Each structure stands twice: as structure tokens, then as C-alpha cells.
Amino acid sequence: ENEDEMMKRGEQINNQYRIVRKDKKIRWVETKINPTLDKDGILIRIDGVTRDITERKKAETELHKSEERYRQIVETAQEGIWLIDENNYTTFVNKKMCGMLEYSQDEMKGKQNYFFTNEVGKKEAVKRDERRKMGISETHESEFFTKSGKIIWESVSTNPFFDDAGKYKGTLAMVTDNSKRKHEEESRG
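Residues numbered from 1 in each chain as written. Predicted model: local features only at pLDDT ≥ 70, side-chain atom pairs only at ≥ 80, totals over all residues. Heavy atoms only, no water.

### Some remarks on the overall build of the protein chain
- For the protein chain, the count of helices and strands is 6 helices and 8 strands.
- Listed by position from the N terminus, the elements making up the protein chain come as α-β-β-β-α-β-β-α-α-α-β-β-β-α.
- Its C-alpha atoms give the protein chain a radius of gyration of 27 Å, more than 25% over the compact-globule value 16 Å for 189 residues.
- Dimensions of the protein chain along its principal axes, counting C-alpha atoms only, are 90 × 40 × 35 Å.
- Across the protein chain, every contact between residues at least 6 apart in sequence was considered, and the portion connecting residues at least 24 apart equals 36%. (Helix = DSSP H or I, 4+ residues; strand = E, 2+ residues; numbered from the N terminus. Rg over C-alpha atoms; globule rule 2.2 N^0.38 Å. Contact = heavy atoms within 4.5 Å.)

Put into C-alpha cells, the structure is as follows:
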């Protein structure tokens, strides 16, 4: 009934739904209906097209499953995952990274990676940023400050990424907490 009212107003209707064919196979179809109204606004004609979109629906389902697997891997990783853009602003961190620095994802997102270190750490990070823009991946140890002010030491493996034109777009970092090992080394002397 709602679609009938829409057609009477001259509104296009788009639907996707499943059908069962004679051979009992289920297919997805998409229907587009274009009503035509006369000069007085009376519905005089309906044109429609129905096409099989089963393969597209399968691809969408597979993509969704793949994204779910990816999300599960990222969120259950034992390493922190930190993604920054070409201007060093945080675009993504996983829960492990948040736990290390004691910030929520929302609190970290939009902050430059320098926000979480001191001036010496910032100077070192700026040098590393320039190397990443040249395509250099590296692993280094960095000192960070947690939200509560605690100093932590992290092993950071960085991998720059570029767009199709070769322009630097940011860096993916895998971060492992080395604080316990670092404190043990310092206490030994």
C-alpha cells in the first residue's frame, strides 16, 4: 500500500528482495519502478526493471565476513595497533594500545603521536617521520607517558603506506610494551 501511494505521488521505488525460482534456488533481485504522472498529477504509466543481484549480494556478504575477521584480529591482538595519517594525527588505535596508554579510542583519535611523549621523544619522532615519508620501515624503542603520567617503554615497528600515486598517506605501527624489561635493565644497573 505504501508503494502504491509513492507511485501515485510520482516517487521512484527501489527494492531488493529474495525470490525462490522454480528450481528452488534462492536469488536476490533488485527492482526499480518509475511512475509517470500526467499534467494533472494522475498516474498514467509504470515502468520497471528487475535484475538479478545475487552475485553482488554474495560479494557483499563475503566482504562483511572479511571485515569482521579483520576487526576480530585487530581487537584481540596482543600488540597495540596505531595508525596515523600523513600529518601524524591518530586515525585508529586498537583496545590494546588504549590499555597501554590508559586513554580511550576517542581520546587518542585526532591527537598527534607526539602528544604522548616528551620534547626529546618528539624530536626523535620528527626524524623518524621524515624517514617514513621516504618509505623506510623501522623498529625502535620509544618512551611514552600514560594518561596517569606513568612512563612506559614501547617497542614500535613502523610501516609507512602510500596511495596509488606514491604519495605518503601515513604509518601503521605495531607496539609492544617493553616497560617491564626496561625497568629490570635499569634496576640491574
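Next comes the rest of the description.
### Thoughts on the packing of aromatic side chains
- Scanning the entire structure with this criterion turns up 6 aromatic pairs.
- On the numbers, 5.5 Å between centres and 75° between planes, the contact of Trp82 with Phe116 is edge-to-face. Here the residue Trp82 occupies a position in strand 4 (residues 80-85), and Phe116 occupies one in the loop between helix 4 (105-108) and helix 5 (119-133), the gap between them amounting to 34 residues.
- Judged by relative accessible area, Trp82 falls into the buried class, the value being 5%.
- According to the relative accessible area criterion, Phe116 is buried, its value standing at 1%. (Phe/Tyr/Trp six-rings, centres within 6.5 Å; stacked < 30°, edge-to-face > 60°. Buried < 20%, exposed > 50% of the residue type's maximum accessible area, 1.4 Å probe, protein only.)

### A closer look at the sheet that holds strand 2 (residues 26-37)
- Read across the open sheet, the 3 strands follow the order 1-2-3; overall the sheet is antiparallel. Two strands in the sheet have a free side with no partner beyond their single neighbour: strand 1 (13-20) and strand 3 (43-52). Averaged over all neighbouring strand pairs, the angle between strand axes comes to 25°, with direction disregarded.
- Across 9 bridges, the pairing between strand 2 and strand 3 is antiparallel. The residue bridging Asn34 from the neighbouring strand is Asp47, located in strand 3. (Pairing = 2+ DSSP bridges. Axes fitted to C-alpha atoms, helices over the stretch in contact; angles between N-to-C directions.)

### What about the pairing of strand 1?
- Where strand 1 and strand 2 come together, 8 bridges link them in antiparallel fashion. Within the sheet, the bridge partner assigned to Ile13 lies in strand 2 and is Ile33.
- Hairpin geometry of strand 1 and strand 2 is characterised by an intervening segment of 5 residues between the two adjacent antiparallel strands and by a positive phi of about 75° at Lys24.

### Thoughts on the environment of Pro160
- One can find Pro160 in strand 7 (residues 151-162).
- Pro160 gets classed as buried once you look at its relative accessible area, which sits at 14%.
- Taking the C-alpha atoms as reference points, Pro160 and Glu3, 157 residues apart in sequence, are found 51 Å from one another.
- Not counting residues up to four positions away in its chain, the partners in contact with Pro160 are Arg132, Gly135, Ile136, Ser137, Tyr168, Gly170 and Thr171.

All quantities given are derived from atomic positions and should not be read as evidence of function.
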